[in-house]
Amino acid sequence: MHTDLASIAALDARAVQHSADLVRQVRRTDLDRPTPCAGWTLGDLLAHMTAQHRGFAAAAAGAGPDLAHWVVDPPGDDPVADYLRAAEAVIAAFADSPRSQFALPEISMAQPFPAATAVAFHFIDYVVHAWDVAAALGATYDPEPDLLAAALPVALAVPDGERRLAPGSAFRPALPVADEAGPLERVLAALGRAPDWNPGRLLTLPITTPRLLLRLFTADDLDDMVGYQGLASVARYLYRPPRTREECAGIIARVSTATAWAAAGDAVTLAVCRHTEPGVIGQVSLTLADDRARQAEIGWLLHPAHEGHGFATEAARALATAAFEQLGVHRLFARLDAENTGSARLCERLGMRREAHLVENDVDGERWGSEYVYAILAREFRRSADHAQLTGSRP
């Protein structure tokens with residue numbers, strides 16, 4: 001590991017410049033994309049990176065103990081410009097700093113760190129955070145071999161263990177890595193990043209909630225699916241007859257392996273199961289309506305025998321969370337018959353707004369049907385979830 005301030009500061013400047021080149025590609029419509037930093041959107045990540053630059057620049061100037069320099073500000077009108085200014089400032093601060101020690105209160109309030117060690121902390125952060133930005137954007141990140149050669153021993157020196165599971169930890173526990181892995185993969189794995197992380201292509205399955213398991217269907221689920229898909233009361237609002245056993249078998253054959261998420265029309269359909277009892281009680285689905293605009297449709301069906309217990313809401317909320325956090329959906333919408341008051345209430349419990357009332361836009365036999373469209377944006381869903389966490393209420 002470098003112990004000379006000038007050499008590690010030069011490496012750090014290059015890492016920061018790589019991050020700046022990637023951040024310049026960010027558009028406002030990208031800010032709600034998911035990132036490899038669990039629970040952080042690209043906007044959250046940029047705000048964190050900007051605050052860290054400001055904090056380290058203050059430390060280089062001798063003002064590190066003042067926690068005001070480390071505060072993460074809400075996104076401004078131009079978070080990209082804010083980031084680029086902070087990046088220039090920290091590069092200049094490290095180049096001009098005469099200090100032998102930096103105070104880094106976010107790491108330790110007890111003692112300062114040798115200047116070269118402090119800059120090494122910043123250096124490894126921005127080698128990895130540049131990759132985080134690239135991964136979120138689907139962009140290329142290919143730092144020079146000497147940069148990675150310098151980063152690897154720093155990454156390996158970061159303490160591992162349970163402390164990385166604490167709230168606010170910069171890195172997750174280290175991941176295993178193949179013998180043939182390259183230096184970038186080794187750096188990422190050492191700091192808890194999955195080198196093959198890919199936004200918006202596959203859900204991590206199964207999805208679990210306090211009471212439910214959402215998983216792919218199997219052939220063994222046929223009887224359970226027929227049990228609700230074959231009911232006239234379930235088909236009532238779907239503008240089709242009840243499903244036959246043969247139709248259900250065809251649906252299961254199709255959805256049991258359908259996990260692609262790349263083009264309009266791609267859909268994932270999951271069986272809703274309880275932890276405490278065997279069998280499938282319903283299903284939830286997510287369909288990609290527009291890949292470029294990141295629009296998706298959510299749907300649900302529940303066996304009437306299991307209504308009234310909040311299972312549909314619990315399953316739909318879990319799938320909506322996965323849509324926003326794993327697949328990078330920007331807007332989630334639901335379409336339902338205007339007479340389907342149960343589904344309308346479910347949409348409202350998810351925080352969705354009614355955006356449209358389409359009057360007699362479809363026909364079921366001799367009955368004209370009208371339709372409601374409900375929708376919610378990623379940022380609105382996150383605000384609703386954050387409010388529920390703070391107040392202890394259910395969103």
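If you're wondering where the values come from, they're calculated on a predicted model, not measured in any experiment.

Parameters at a glance
- Residues numbered from 1 in each chain as written.
- Predicted model: local features only at pLDDT ≥ 70, side-chain atom pairs only at ≥ 80, totals over all residues.
- Heavy atoms only, no water.
- Helix = DSSP H or I, 4+ residues; strand = E, 2+ residues; numbered from the N terminus.
- Buried < 20%, exposed > 50% of the residue type's maximum accessible area, 1.4 Å probe, protein only.
- Contact = heavy atoms within 4.5 Å.
- Areas by Shrake-Rupley, 256 points an atom, 1.4 Å probe, with all protein chains shown as cover.
- Lys, Arg positive; Asp, Glu negative; His and termini not counted.
- Charge placed at Lys NZ, Arg CZ, Asp CG, Glu CD.
- Phe/Tyr/Trp six-rings, centres within 6.5 Å; stacked < 30°, edge-to-face > 60°.

### With respect to the overall build of the chain
Then comes step 1: Along the backbone of the chain there are twelve helices and ten strands.
Then comes step 2: If you line up the chain on its principal axes, its C-alpha atoms span 85 × 45 × 35 Å.
Then comes step 3: Burial status across the chain gives 46% buried among its 395 residues.
Then comes step 4: Sequence separation of 24 or more characterises 65% of the internal contacts of the chain that already satisfy a separation of 6 or more.
Then comes step 5: Accessible surface computed for the chain: about 19100 Å², of which carbon and sulfur atoms make up 54%.
Then comes step 6: The chain carries 36 positive and 50 negative side-chain charges, and their two centres are separated by 4 Å.

### A look at the packing of aromatic side chains
Then comes step 1: Enumeration according to the criterion identifies six aromatic pairs in this entry.
Then comes step 2: Ring centres of F56 and F94 lie 6.4 Å apart, and the angle between their planes is 85°; on these two criteria the pair is classed as edge-to-face. Of the two residues, F56 sits in helix 2 (residues 42-60) while F94 sits in helix 3 (residues 79-96), which places them 38 residues apart along the sequence.
Then comes step 3: A residue is classified by how much of its surface remains accessible, and F56, at 2% relative accessible area, is buried.
Then comes step 4: Of the residues examined, F94 reaches a relative accessible area of 3% and is grouped as buried.
Then comes step 5: With 5.1 Å between their ring centres and 40° between their planes, F324 and F381 make a pair best called tilted. One end of the pair, F324, is in helix 10 (residues 311-325); the other, F381, is in helix 12 (residues 378-391), and 57 residues separate them in sequence.
Then comes step 6: Looking at F324, the relative accessible area reads 0%, which means it is buried.
Then comes step 7: Overall, F381 belongs to the buried group, its relative accessible area being 8%.
Then comes step 8: Within the aromatic cluster, the residues linked to one another by ring pairs are F56, W70, F94 and F102.

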